[in-house]
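# Observations on the three-dimensional arrangement
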Amino acid sequence: MRQPAAAEQRGDGRNIVLIGPMGSGKSTVGAALARRLHRPHVDSDHFFVARHGSIPEYFSLHGEDAFRAEERSIVAELLDSPRPSVISLGGGAVLSADTRGLLRDQLVIMLDLTEDQAALRLGDGSSRPILGAHPVQAWKRIYAEREQIYRDCADIVMSPDDAHIDVRVDHIVRALNTTSRRDPSV
Ligand code: S3P
């Protein structure tokens with residue numbers, strides 16, 4: 001977890017950034033949270049698709065390194081938003097040290113999930129090329145590789161939550177209101 005920084009306040013003008021593993025609900029929760037907070041919502045995967053087309057096709061044509069480079073520049077663009085926004089990042093965005101550096105100035109929420117939830121939510125995994133032919137096994141491996149990175153970047157960690165989307169948003173809003181910055185584990 002990130003260490004407390006002096007003189008920081010909750011609810012200030014920073015972006016709220018959702019990070020976490022594939023299937024954790026960053027896009028759907030981000031959109032609902034943004035509606036609740038009356039902020040714009042942007043999603044790095046959606047932005048990528050609008051600019052470059054489908055992610056699986058991009059991976060197969062250009063490879064993961066090219067995807068990561070584009071993702072890094074899109075994330076930097078989105079984090080530089082003129083209005084405080086809710087920003088959902090693709091699950092691998094935090095692999096970039098540059099992106100992790102930029103996240104230090106944002107309010108970062110990790111959405112966690114269990115392996116069982118991932119198995120239900122990922123389907124055949126075809127929309128996520130990094131999962132390959134055995135999505136759940138790949139997801140588990142990738143989760144283990146990245147979990148600490150997510151936690152280190154986060155100000156708030158939301159435990160796995162199976163509630164209705166509106167209730168998940170309630171939980172996050174409560175965490176935002178009651179959790180002191182950089183004191184996660186909600
Ligand atoms: C990826 C996660 C995906 C997407 C891409 C790579 C990853 O986003 O950016 O397929 O490496 O974890 P979601 O986390 O929204 O599924």
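Relevant structure appears above.
Parameters at a glance
- Residues numbered from 1 in each chain as written.
- Predicted model: local features only at pLDDT ≥ 70, side-chain atom pairs only at ≥ 80, totals over all residues.
- Heavy atoms only, no water.
- Near = heavy atom within 4 Å.
- Polar contact = N/O pair within 3.5 Å; in protein donor to acceptor, adjacent residues only side chain to side chain.
- 1 Å grid on protein atoms, 1.4 Å probe; cavity = no way out; pocket = protein on both sides within 12 Å on 5 of 7 lines; lining within 4 Å.
- Sits in = over half its atoms within 2 Å of the grid points.
- Helix = DSSP H or I, 4+ residues; strand = E, 2+ residues; numbered from the N terminus.
- Nonpolar A, V, L, I, M, F, W, Y, C, P; charged D, E, K, R; others polar.
- Points joined across faces, edges and corners; volume = space filled by probe spheres on them.
- Buried < 20%, exposed > 50% of the residue type's maximum accessible area, 1.4 Å probe, protein only.
- Lys, Arg positive; Asp, Glu negative; His and termini not counted.
- Salt bridge = Lys/Arg side-chain N within 4 Å of Asp/Glu carboxyl O.
- Contact = heavy atoms within 4.5 Å.
- Pairing = 2+ DSSP bridges.
- Axes fitted to C-alpha atoms, helices over the stretch in contact; angles between N-to-C directions.

### As for the site of the ligand
Close to the ligand lie 14 residues; K26, D45, R68, R128 and R146 are nearest. The backbone of G91 places a nitrogen or oxygen atom 2.8 Å from an oxygen atom of the ligand. For the ligand, an oxygen atom lies 2.6 Å from a polar atom in the side chain of R146. Of all the cavities here, the one that holds the ligand is the largest pocket. Per element, the largest residue contribution to the shell around the ligand is 3 residues, and it comes from helix α4 (residues 64-79). Across the shell around the ligand, the residue classes break down as 5 nonpolar, 3 polar and 6 charged.

### Notes on the layout of surface pockets
The calculated volume of the largest pocket comes to roughly 470 Å³. Taken together, 26 residues line the largest pocket, and the ones lying closest to its centre are M22, D45, G90, G91 and R128. Elements with a contribution of two residues or more to the lining of the largest pocket: α1 (26-37), α2 (44-52), α3 (55-62) and α4.

### A closer look at the side chain of R146
One can find R146 in helix α7 (residues 135-153). Buried and unpaired, R146 has no salt bridge, with E64 as the nearest side chain of opposite charge at 5.2 Å. When sequence neighbours within four positions are dropped, the list of residues in contact with R146 reads M22, R68, G91, G92, L95 and I130.

### Overview of the sheet that holds strand β3 (residues 86-88)
The strand order across the open sheet built from 5 strands is β2-β3-β1-β4-β5, with neighbouring strands paired in parallel fashion. Whereas interior strands pair on both sides, the edge strands pair on one side only; in this sheet they are β2 (41-43) and β5 (156-158). Between one strand axis and the next, the sheet turns through 20 degrees on average, direction left out of account. In terms of strand pairing, strand β4 (residues 107-111) meets β5 through 3 bridges, oriented parallel. Residue pairing across strands places L111 opposite M158, the latter belonging to β5.

### Points about the pattern of salt bridges
As enumerated under the stated definition, the model contains 10 salt bridges in all. Across the pair R72 and D98 runs a salt bridge, and its minimum N-O distance is 3.9 Å. Separated by 26 residues along the polypeptide, R72 in helix α4 and D98 in helix α5 (residues 97-103) bring together distant segments of the chain. Ionic pairing is found between R141 and E145, a salt bridge with its closest N-O pair at 3.3 Å. Of the two residues, R141 and E145 both sit in helix α7, 4 residues apart, roughly one turn of that helix. A relative accessible area of 45% places R141 in the partly exposed class.

Keep in mind these values describe shape, not function.
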